[in-house]
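# Chains, contacts and geometry: an overview
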Amino acid sequence: MPILYSYRRCPYAMRARMALKYAGIQVEHREIELRNKPQSMLQISPKGTVPVLCINDLVLDQSLDIMRWALQQSDPHGWTDIDESIAKAWIEKNDGPFKILLDQYKYPNRFLELEPEAVLDEALQLMLFPMEQALQQSQYLLGSRLTWVDIAIFPFIRQFSMVNPNRFEKLPIPAVKRWLTERLESELFDSVMQKHPIWKD
């Protein structure tokens, strides 16, 4: 059985877990403590970040690689049946500049030179307003069906919404909020957010 090192609240680990669950791949789940990472994980992935998936001799320690591997094994609802160039543009924007803004917004004490409202506005212009536009046109980011892109981006929008829930609720992005709520209330998300005991080597 593949071994997955994970951390419950990490958005990268979340999207990997969701893809594995969707693909019906059973794993041995090893929940880690960020302050006390197990040696078994650091030996196979010295960079020390989650998720890490071990399949026999194959080690995948990038969340998108884990998602791709899972969907190559099984893709029952055609999550990968999309325009790859559009998918790539969304993912690069989310994992690059939007993730930087998310960290600046979430940890203002680390970025005292930045004005939180200015960071929020930049995040809106870069990511949330384009998402709103796409989701006004169709139910999901790439059309009428859920795809791996929705799943890959969702944990980061979830994290952004939780920084200041009252402020997020007032934002003029009703379609994004609907999309976020659907993902939060989904059986898939619920199933990968169950608590696991901390793994000890």
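Up top is the structure these notes are about.
Not measured: the values here are computed from a predicted model. (Residues numbered from 1 in each chain as written. Predicted model: local features only at pLDDT ≥ 70, side-chain atom pairs only at ≥ 80, totals over all residues. Heavy atoms only, no water.)

### A short note on unusual backbone geometry
Note the threshold: Helix and strand definitions follow DSSP, with helices as H or I runs of at least four residues and strands as E runs of at least two, each counted in order from the N terminus. Think of it in three bands: residues with accessible area under 20% of the maximum for their type are buried, residues over 50% are exposed, and the middle band is partly exposed, with areas taken using a 1.4 Å probe on protein chains only.
Going from V50 to P51, the amide bond is cis rather than trans, its omega being 0 degrees. Note that P51 resides in the loop between α2 (39–44) and β3 (52–55). Even without a glycine there, the phi angle at N56 is positive, about 55 degrees. Owing to a relative accessible area of 76%, N56 belongs among the exposed residues under this scheme.

### Describing the nonpolar core
Short version of the rule: Here, the term nonpolar core denotes a set of buried Ala, Val, Leu, Ile, Met, Phe, Trp, Tyr and Cys residues that are joined through side-chain atoms within 4.5 Å. Contact criterion: two residues are considered in contact whenever any of their non-hydrogen atoms come within 4.5 Å of each other.
Within the largest apolar cluster, 59 residues are counted, with the highest numbers of intra-cluster contacts made by M131, W148, I153, I157 and W179. At the level of secondary structure, the elements contributing two or more residues to this core comprise α1 (11–22), β3, α3 (63–73), α4 (84–106), α5 (116–137), α6 (148–163), α8 (174–184) and α9 (187–192). Excluding its chain neighbours within four sequence positions, the residues that come into contact with I153 are W90, I91, N94, M127, M131, L141 and W179. Residues A13, I32, V50 and V52 belong to the second largest nonpolar core, which totals 9 residues.

### Structural notes on the sheet that holds strand β1 (residues 3–6)
Cut-off, in case you're wondering: Pairing between strands is defined by DSSP: at least two bridges between the two strands are required. The convention used is that axes are lines fitted to C-alpha atoms, helices contributing only their stretch in contact, and that angles between N-to-C directions extend from 0 to 180 degrees.
Strand order in this open sheet of 4 strands is β2-β1-β3-β4, and the pairing throughout is mixed. Edge positions in the sheet fall to β2 (28–31) and β4 (58–60), since each has one partner strand and no second. Each neighbouring strand pair of the sheet contributes to a mean axis angle of 15 degrees, computed without reference to strand direction. Bridge analysis of β3 against β4 gives 3 bridges, and the strand direction is antiparallel. Bridged to I55 within β4 is L58. Its contacts with the sheet place α1 against β1, β2 and β3, and it is angled at close to 150 degrees to β1.

### What to know about a positive patch on the surface
Stated formally: Any residue with relative accessible area above 30% and no salt bridge may belong to a patch, with like charges joined within 9 Å and the nonpolar Val, Leu, Ile, Met, Phe, Trp and Tyr side chains within 5 Å. The protein chains shown are the only cover counted for residues, whose accessible areas, like all others here, come from Shrake-Rupley with a 1.4 Å probe. Salt bridge, as used here: a side-chain nitrogen of Lys or Arg that lies within 4 Å of a carboxyl oxygen of Asp or Glu. Only four residue types enter the charge count, namely Lys and Arg as positive and Asp and Glu as negative; His and the chain termini do not. Just so you know, the charge point we use is NZ for Lys, CZ for Arg, CG for Asp and CD for Glu.
A cluster of like positive charges, contributed by R9, K106, R110 and K195, occupies part of the molecular surface. With relative accessibility at 31%, the residue K106 sits in the partly exposed group.

### Points about the packing of aromatic side chains
Given two aromatic rings, their pairing is described by the distance between the two centres and the angle made by the two planes. Note the cut-off: Pairing of aromatic side chains here covers Phe, Tyr and the six-membered ring of Trp, requires ring centres within 6.5 Å, and sorts the geometry by plane angle: under 30 degrees stacked, over 60 edge-to-face, intermediate tilted.
The full count for this structure, using the stated rule, is 5 aromatic pairs. Where Y22 meets W79, the ring centres are 3.6 Å apart and the plane angle is 0 degrees; that geometry is what we call stacked. Residue Y22 is found in helix α1, and its partner W79 is found in the loop between α3 and α4; the two are separated by 57 residues along the sequence. Residue class for Y22 comes out buried when judged on its relative accessible area of 12%.

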